[in-house]
Amino acid sequence: MEQIFASDTAIVTGGTRGIGWAVANQLVDRGARVLLVGRNPHQLEQRVQELNQKVPEHAFGFACDMAEQPDSSKQITEYALKMIGRPTLLLNGAGGASVTHALDAPWTLWVDDFEVKFFGYLAMTRAILPIMMEQRRGVIVNLVGIAGKDPNPALAIASAVNGALNGVMKVLADDASAYDVRIVNVNPGATQTDLLTAMAKAHATESKKNIGEVLDEMRAKSPLKRLPGPMDIARIVIFLMSSDSQFVTGTSIDVDGGIHRGV
Ligand SMILES: NC(=O)c1ccc[n+]([C@@H]2O[C@H](COP(=O)([O-])OP(=O)(O)OC[C@H]3O[C@@H](n4cnc5c(N)ncnc54)[C@H](OP(=O)(O)O)[C@@H]3O)[C@@H](O)[C@H]2O)c1
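It should be emphasised that the depicted structure is a prediction, and the values quoted were computed from it without experimental measurement.

**Digging into the pairing of strand 1 (residues 9–13)**
Line of reasoning, step 1. Among the five residues in strand 1, five count as buried, and that is most of the element.
Line of reasoning, step 2. Both faces of strand 1 are covered, namely the face carrying T9, I11 and T13 and the face carrying A10 and V12.
Line of reasoning, step 3. Read from strand 1 through helix 1 (residues 18–29) to strand 2 (residues 33–38), the crossover connection turns out right-handed.
Line of reasoning, step 4. Strand direction decides the pairing type here: strand 1 and strand 4 (residues 89–92), joined by three bridges, are parallel. By the bridge assignment, I11 is partnered in strand 4 with L90.

Structure representation (structure tokens):
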């Protein structure tokens, strides 16, 4: 495989499962040294081992809760500088999406979900962006979500978090552009990961259907009549991190199989 990231060092939050794990694999396969971030230390260790079995000494792990900001981001950055050097790539991917309507959600859930995803992505970006700007080199990709553009009443908090991320990443991209550093948001549609299983379970409970029926309905609604897997999203992230997309910044790319009606 072409080693297009041989001189790159990457941090992947949410790198132990789902889309983040698919991206971490692709980065290591293409030569990058990668620091994975997740909460579960056992899974983290296992994932780091898997990557190092493919390409020795290319993967490291840091266990922390991204809800604890800005401390977690500072600790991750210090560890990255020690283990992989100055980061040139960042994937913000640690997060989820609670299935809830705006009035039903307890206040604590609003705060928790904003802490993990909005403040998690923002704090990580604020920690890494100055290092990238100093190097005049770097790409940050954020896994955001189509609900940020097309708010979904059943994903009320995720709609707000993702909308806020679209706004803040645009202004950060404005600040970073003069330093040749790019920031791009990616909006996956419903993608087959643990998160989607949890969301389908919650929808199933709410609508008194089984998970299979909920997933079948999602596939039926999709213009392509199927749901993407983590690799479908990871391939786009890799393209956006590569120099092939060097004129793409300050925007968001939908990878939703065409389900979102906006153009
Ligand atoms: N899948 C979809 O349909 C979809 C659609 C739109 C947007 N997205 C967004 O894409 C991102 C990744 O989703 P995914 O489907 O790949 O999720 P996933 O399969 O559930 O994986 C989530 C990853 O994030 C980590 N994580 C979660 N909360 C964390 C926390 N508080 N602190 C540190 N790490 C944390 C998890 O590690 P631990 O378990 O060890 O904590 C895991 O590595 C999320 O932001 C999600 O909202 C997903």
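**Things to note about the packing of helix 6 (residues 194–207) against helix 7 (residues 211–221)**
Line of reasoning, step 1. In contact at an axis separation of 8 Å, helix 6 and helix 7 are set at 110° when each is read in the N-to-C sense. One finds that helix 6 runs roughly perpendicular with respect to helix 7. From helix 6, L196, T197, A200, K201, H203, A204 and S207 reach across to helix 7, where they touch I211, V214, L215 and M218.
Line of reasoning, step 2. The residue inventory of the contact of helix 6 with helix 7, partitioned by class, reads seven nonpolar, three polar and one charged.

**What to know about the side chain of R30**
Line of reasoning, step 1. Assignment of secondary structure puts R30 in the loop between helix 1 and strand 2.
Line of reasoning, step 2. Summary of buried charges: R30 has no salt-bridge partner, and the nearest side chain of opposite charge, D29, is 5.1 Å away.
Line of reasoning, step 3. At 2.6 Å, the side chain of R30 forms a polar contact with the side chain of Q26.
Line of reasoning, step 4. What R30 contacts, discounting residues up to four positions off in sequence, is M1, E2, Q3, I4, F5, A6 and I238.

**Some thoughts on unusual backbone geometry**
Line of reasoning, step 1. Residues Q69 and P70 are joined by a peptide bond in cis, for which omega reads 5°.
Line of reasoning, step 2. Its identity is not glycine, yet E57 carries a phi of approximately 60°, on the positive side.
Line of reasoning, step 3. Inspection of the secondary structure puts E57 in the loop between helix 2 (41–54) and strand 3 (59–63).

**Points about the site of the ligand**
Line of reasoning, step 1. Every one of the 29 residues lining the ligand counts as a neighbour, but T16, R17, R39, T191 and T193 are closest to it.
Line of reasoning, step 2. G14 is positioned with one of its backbone polar atoms (N or O) 3.4 Å from an oxygen atom of the ligand.
Line of reasoning, step 3. Y121 has a polar side-chain atom sitting 2.9 Å from an oxygen atom of the ligand.
Line of reasoning, step 4. For the ligand, whose accessible area on its own is 900 Å², the fraction buried by protein is 94%.
Line of reasoning, step 5. Looking at the shell around the ligand, the element that brings in the most residues is helix 4 (residues 107–135), giving three residues.
Line of reasoning, step 6. Looking at the shell around the ligand residue by residue, the class counts come to 11 nonpolar, 13 polar and five charged.
Line of reasoning, step 7. Residue contributions to the shell around the ligand reach at least three from each of two domains, namely domain 1 (9–189 + 230–246) and domain 2 (192–227).

**Some thoughts on the sheet that holds strand 7 (residues 251–255)**
Within a sheet, each strand pairs with its neighbour through backbone hydrogen bonds, oriented either parallel or antiparallel.
Line of reasoning, step 1. As summarised here, the arrangement of the seven strands in space is 3-2-1-4-5-6-7, forming an open sheet in which the pairing is parallel. Across the chains shown, the open sheet's two edge strands, defined by having one partner strand only, are strand 3 and strand 7. The sheet shows a mean angle of 20° between the axes of neighbouring strands, direction not considered.
Line of reasoning, step 2. Sheet topology note: the strand 4/strand 5 (residues 138–143) ladder contains four bridges and is parallel. Each residue of the ladder has a partner; that of L91, found in strand 5, is V141.

**Details of the nonpolar core**
Line of reasoning, step 1. In terms of nonpolar packing, the biggest core is built from 68 residues, with I11, L27, V34, L36, I76, V237 and M241 touching the most fellow members.
Line of reasoning, step 2. Discounting residues that sit within four places of it in the chain, M241 has contacts with F5, L27, L89, L90, L91, V139, V141 and R182.

**Remarks on the pattern of salt bridges**
Line of reasoning, step 1. For the coordinates displayed, the defined rule picks out nine salt bridges.
Line of reasoning, step 2. For R137, the salt bridge identified is with D8, shortest N-O distance 3.0 Å. Of this pair, R137 sits in the loop between helix 4 and strand 5 while D8 is found in the segment before strand 1, placing the two residues 129 residues apart along the sequence.
Line of reasoning, step 3. Residue D194 pairs with R17 through a salt bridge whose shortest N-O separation is 2.8 Å. One end of the pair, D194, is in helix 6; the other, R17, is in the loop between strand 1 and helix 1, and 177 residues separate them in sequence.

**Topic: the domain arrangement of the protein chain**
Line of reasoning, step 1. When cut into domains, the protein chain gives domain 1 (9–189 + 230–246) and domain 2 (192–227).
Line of reasoning, step 2. Inter-centroid distance (C-alpha atoms) of domain 1 to domain 2 is 25 Å.
Line of reasoning, step 3. Each side of the interface is counted separately: domain 1 has 10 residues, and domain 2 has eight residues.
Line of reasoning, step 4. Interface area for domain 1 against domain 2, summed over the two sides, is near 710 Å², with a carbon-plus-sulfur share of 69%.
Line of reasoning, step 5. Interface area lost by domain 1 to domain 2 is led by R17, A97 and V99, which between them contribute 49%.
Line of reasoning, step 6. Applying the counting criterion to the domain 1 and domain 2 interface returns one salt bridge.
Line of reasoning, step 7. Along the contact surface separating domain 1 from domain 2 lie one residue pair in polar contact (both at pLDDT 80 or more).

Rules and cut-offs
Residues numbered from 1 in each chain as written. Predicted model: local features only at pLDDT ≥ 70, side-chain atom pairs only at ≥ 80, totals over all residues. Heavy atoms only, no water. Buried < 20%, exposed > 50% of the residue type's maximum accessible area, 1.4 Å probe, protein only. Helix = DSSP H or I, 4+ residues; strand = E, 2+ residues; numbered from the N terminus. Right-handed = clockwise from strand over helix to strand, strands pointing away. Pairing = 2+ DSSP bridges. Axes fitted to C-alpha atoms, helices over the stretch in contact; angles between N-to-C directions. Parallel < 35°, antiparallel > 145°, perpendicular 65-115°, else oblique. Contact = heavy atoms within 4.5 Å. Nonpolar A, V, L, I, M, F, W, Y, C, P; charged D, E, K, R; others polar. Lys, Arg positive; Asp, Glu negative; His and termini not counted. Salt bridge = Lys/Arg side-chain N within 4 Å of Asp/Glu carboxyl O. Polar contact = N/O pair within 3.5 Å; in protein donor to acceptor, adjacent residues only side chain to side chain. Near = heavy atom within 4 Å. Areas by Shrake-Rupley, 256 points an atom, 1.4 Å probe, with all protein chains shown as cover. Domains from an automatic or database assignment. Core = buried A, V, L, I, M, F, W, Y, C linked by side-chain atoms within 4.5 Å. Buried area = accessible area lost by both parts, 1.4 Å probe.

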